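What the coordinates show
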Amino acid sequence: MWALIKDNKIEQIYQRPKSLVIGEVRYPSNMFTKYTDAEKAAIGIYPVEDNGTKGNDRFENTSGPTYTWSASDKKVTTSYTITEKSLVDVEVKDESGNNILDEKGNKTYSYGLKTQAKEKAKKQANDYIKQFNWLVERSIYDSSKTIPSAVGTYVGDIKTDCAAIEAAIDAASDMAAFKKLYDWEYNEDGSVKTIAPIHKWSDDYDVKQYVR
């Protein structure tokens, strides 16, 4: 990435090489890679250092880059604005501050991280449980075929796990507490010491033979 500097100001940012006219001279696109830094600087072209810190996409929004020219250092650097995503659901409004309604006249919402995390937990629990749906269907068509007790226990444990995860999500009072739900602890040898609360699901060791 490069910047065209004119009168100590950023005139243009180039994401990729392209043919361009500077003054009355047209330069080929390979100028960006063939010219030395000194040769490019002579016509006002400087590399852009993408050294700004970006946020964690899971918890934060990162703005588009802001480019800054340093006349003393003769370089262009980038910076980003990082804002936390909302933990709670937020009403969707238009530019005038009016609620945007759905086709039935109900308020619409931008779902916060807590709602998204709980919905993901519900889906994960359902994915674990539906692996054994065939056993339920079999028992319906053939009453002599019962559902193994280990499967019933496992399904009950998964439902309990999901409820515990949702409760932990609801209990997170701020972003710092919410982030801790995703923290794993590791031993010195790299093995897992403590599973992140958001991923704490019962072991399926005793029911693997029934998975379909």
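This text goes with the structure placed above it.
The following refers to the structure shown. What you see is a predicted model; the values in this text were computed from it and never measured.

1. Concerning unusual backbone geometry
One non-glycine residue with positive phi stands out, namely Asp 7, at about 50 degrees. With phi around 55 degrees, Lys 74 is a residue other than glycine that occupies positive phi space.

2. Notes on the pattern of salt bridges
This structure, assessed with the given rule, holds nine salt bridges. Residue Glu 166 is joined to Lys 122 by a salt bridge in which the shortest nitrogen-to-oxygen separation is 2.9 Å. Here the residue Glu 166 occupies a position in helix α5 (residues 149-171), and Lys 122 occupies one in helix α3 (residues 113-129), the gap between them amounting to 44 residues. A salt bridge links Lys 130 to Asp 127; the shortest N-O distance between them is 3.4 Å.

3. Examining the packing of aromatic side chains
A full pass over the atoms with the stated rule returns nine aromatic pairs. Their ring planes at 65 degrees and their centres at 5.4 Å tell us that Tyr 128 and Trp 201 sit as a pair that is edge-to-face. Taken as a pair, Tyr 128 in helix α3 and Trp 201 in the segment after β13 (192-194) lie far apart in primary sequence, 73 residues in all. Overall, Trp 201 belongs to the buried group, its relative accessible area being 16%. Grouped by ring-pair contacts, the aromatic residues Trp 2, Tyr 14 and Phe 32 constitute a single cluster. The aromatic ring of Trp 134 is capped on one face by Arg 212, whose charged end is 3.6 Å from the ring centroid.

4. A look at the pairing of strand β7 (residues 66-70)
Of the strand pairs in this sheet, β7 and strand β8 (residues 75-79) are connected by five bridges, and their pairing is antiparallel. Of the residues in β8, the one forming a bridge with Thr 68 is Thr 77. Hairpin connection between β7 and β8: a loop of four residues separates the two successive antiparallel strands, and Lys 74 in this loop has a positive phi of roughly 55 degrees.

5. Description of the sheet that holds β8
The strand order across the open sheet formed by five strands is β2-β1-β5-β8-β7, and the pairing between neighbours is mixed. Unpaired on one side and paired on the other, β2 (9-14) and β7 mark the two borders of the sheet. Taken pair by pair, the neighbouring strands of this sheet meet at an average axis angle of 35 degrees, ignoring direction. In this sheet, strand β5 (residues 45-49) lies alongside strand β1 (residues 2-6) in antiparallel orientation, the contact comprising three bridges. Counterpart to Ala 3 in the pairing with β5 is Tyr 46.

6. Side note on α5
Along its 23 residues, α5 runs 33 Å from first to last C-alpha, staying within 8% of the 33 Å computed at 1.5 Å per residue. Among the residues of α5, those classed as buried are Val 151, Tyr 154, Val 155, Ile 158, Asp 161, Cys 162, Ile 165, Glu 166 and Ile 169. Taken together, the buried residues of α5 touch α3, α4 (133-141) and α6 (175-180).

Cut-offs applied
Residues numbered from 1 in each chain as written. Predicted model: local features only at pLDDT ≥ 70, side-chain atom pairs only at ≥ 80, totals over all residues. Heavy atoms only, no water. Salt bridge = Lys/Arg side-chain N within 4 Å of Asp/Glu carboxyl O. Helix = DSSP H or I, 4+ residues; strand = E, 2+ residues; numbered from the N terminus. Phe/Tyr/Trp six-rings, centres within 6.5 Å; stacked < 30°, edge-to-face > 60°. Buried < 20%, exposed > 50% of the residue type's maximum accessible area, 1.4 Å probe, protein only. Lys NZ or Arg CZ within 6 Å of the ring centre and 35° of its normal. Pairing = 2+ DSSP bridges. Axes fitted to C-alpha atoms, helices over the stretch in contact; angles between N-to-C directions. Expected span 1.5 Å × (residues − 1). Contact = heavy atoms within 4.5 Å.

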